[in-house]
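This is what each chain is made of:
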Amino acid sequence: MPGPALKQLHAHHAIHQGALTGAIQKTDEVKRLLKAGEDEVAKMAADHLLEYWETRIIAHADAEEDGFYQEMVGLHPELEPAVTQLTRDHDLLRTIATDIKKMLSNHGLTQDVIQQFEALIVVNDIHSRDEERMLLDEPNR
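Residues numbered from 1 in each chain as written. Predicted model: local features only at pLDDT ≥ 70, side-chain atom pairs only at ≥ 80, totals over all residues. Heavy atoms only, no water.

Asker: Quick rundown of helix α4 (residues 80–107)? Include the residues and the values.
Answerer: Its 28 residues give α4 an end-to-end C-alpha distance of 40 Å, which sits within 8% of 40 Å, the value for a rise of 1.5 Å per residue. Looking at the buried residues of α4, the elements they touch are α3 (39–75) and α5 (111–136). Positioned one or two residues after α4, Gly 108 has a phi angle of 80 degrees, which is positive. (Helix = DSSP H or I, 4+ residues; strand = E, 2+ residues; numbered from the N terminus. Expected span 1.5 Å × (residues − 1). Contact = heavy atoms within 4.5 Å.)

Set out below in structure tokens:
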């Protein structure tokens, strides 16, 4: 059963914004360290950033899929196509994170890895706006 915060637009938006703000700040820090030539520290920061994505943002996505989405479809069956789209967004986040993990392991911290972290931010931002609009914005239902 999803917690009450997932069902309330303002609370869910705050969860999304907090997580996204943290991801942006941590990504900026990795880029700053890399630019400063702090390669070893930048790699550690990138590992930490990936862990943040996995434990904060992707874990939130898992929680949504495990309860909130099913509950929303149960209450409003017409939302099933929206939930399918939103679940696909989560799959994209998981795929990009897995790719980053492989890239970091095989090649270290490169500009390609930075681009993938930035892709996570873009996909997550669009996803959050869509989710809030499609599932939580009552007047649109």
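Asker: Tell me what's going on with the side chain of Asp 89, and back it up with residues and numbers.
Answerer: Inspection of the secondary structure puts Asp 89 in helix α4. Look at Asp 89: it is buried, it has no salt bridge, and the nearest opposite charge is Arg 88 at 6.7 Å. In this structure the side chain of Asp 89 is engaged in a polar contact, spanning 3.0 Å, whose partner is the side chain of His 127. Here Asp 89 is in contact with Val 123 and His 127, once residues within four sequence places are set aside. (Buried < 20%, exposed > 50% of the residue type's maximum accessible area, 1.4 Å probe, protein only. Lys, Arg positive; Asp, Glu negative; His and termini not counted. Salt bridge = Lys/Arg side-chain N within 4 Å of Asp/Glu carboxyl O. Polar contact = N/O pair within 3.5 Å; in protein donor to acceptor, adjacent residues only side chain to side chain.)

Asker: I'd like a description of α3, backed by residues and values.
Answerer: Look at α3: 50 Å from first C-alpha to last across 37 residues, which is about the 54 Å you get at 1.5 Å a residue. Along α3, the helix axis deviates most sharply at Glu 65, where the bend reaches about 45 degrees. (Bend = angle between axes of the 7 residues up to and from the residue.)

Asker: Describe the nonpolar core, with residues and values.
Answerer: Counting residues in hydrophobic clusters, the biggest one holds 27 residues, and the most contacted among them are Trp 53, Ile 100, Leu 109 and Phe 117. Those elements that place two or more of their residues in this core are α2 (9–35), α3, α4 and α5. Take this core: its biggest share by element is 9 residues, from α3. The residues contacting Phe 117, other than those within four sequence positions of it, are Thr 27, Ala 46, Leu 49, Leu 50, Trp 53 and Ile 100. Counting residues in each nonpolar core, the second largest holds 11 residues, with Tyr 69, Val 83, Leu 86 and Leu 136 among its members. (Core = buried A, V, L, I, M, F, W, Y, C linked by side-chain atoms within 4.5 Å.)

Asker: Could you give an account of the pattern of salt bridges, with specific residues and numbers?
Answerer: This structure, assessed with the given rule, holds 10 salt bridges. The partner of Lys 31 in a salt bridge is Glu 118, and the shortest N-O contact between them spans 2.7 Å. Of this pair, Lys 31 sits in helix α2 while Glu 118 sits in helix α5, placing them 87 residues apart in sequence. Relative accessible area serves as the criterion here: at 31%, Glu 118 is assigned to the partly exposed category. One salt bridge connects Arg 129 with Asp 125, and the closest N-O pair in it is separated by 3.5 Å. Highlighted residues: Arg 129 and Asp 125, both in helix α5, separated by 4 residues, approximately one helical turn. Each of Asp 62, Glu 65, Asp 91 and Arg 94 takes part in one network of salt bridges that share partners.

Asker: Mind laying out the environment of Lys 101, listing which residues take part and the relevant values?
Answerer: The topology assignment puts Lys 101 in helix α4. Each C-alpha atom, one on Lys 101 and one on Ala 45, is 13 Å from the other, the two residues being 56 residues apart in sequence. Residues within four places of Lys 101 in sequence aside, it is in contact with Leu 50 and Glu 54. Among the polar contacts made by the side chain of Lys 101, one reaches the side chain of Glu 54 at a distance of 3.0 Å.

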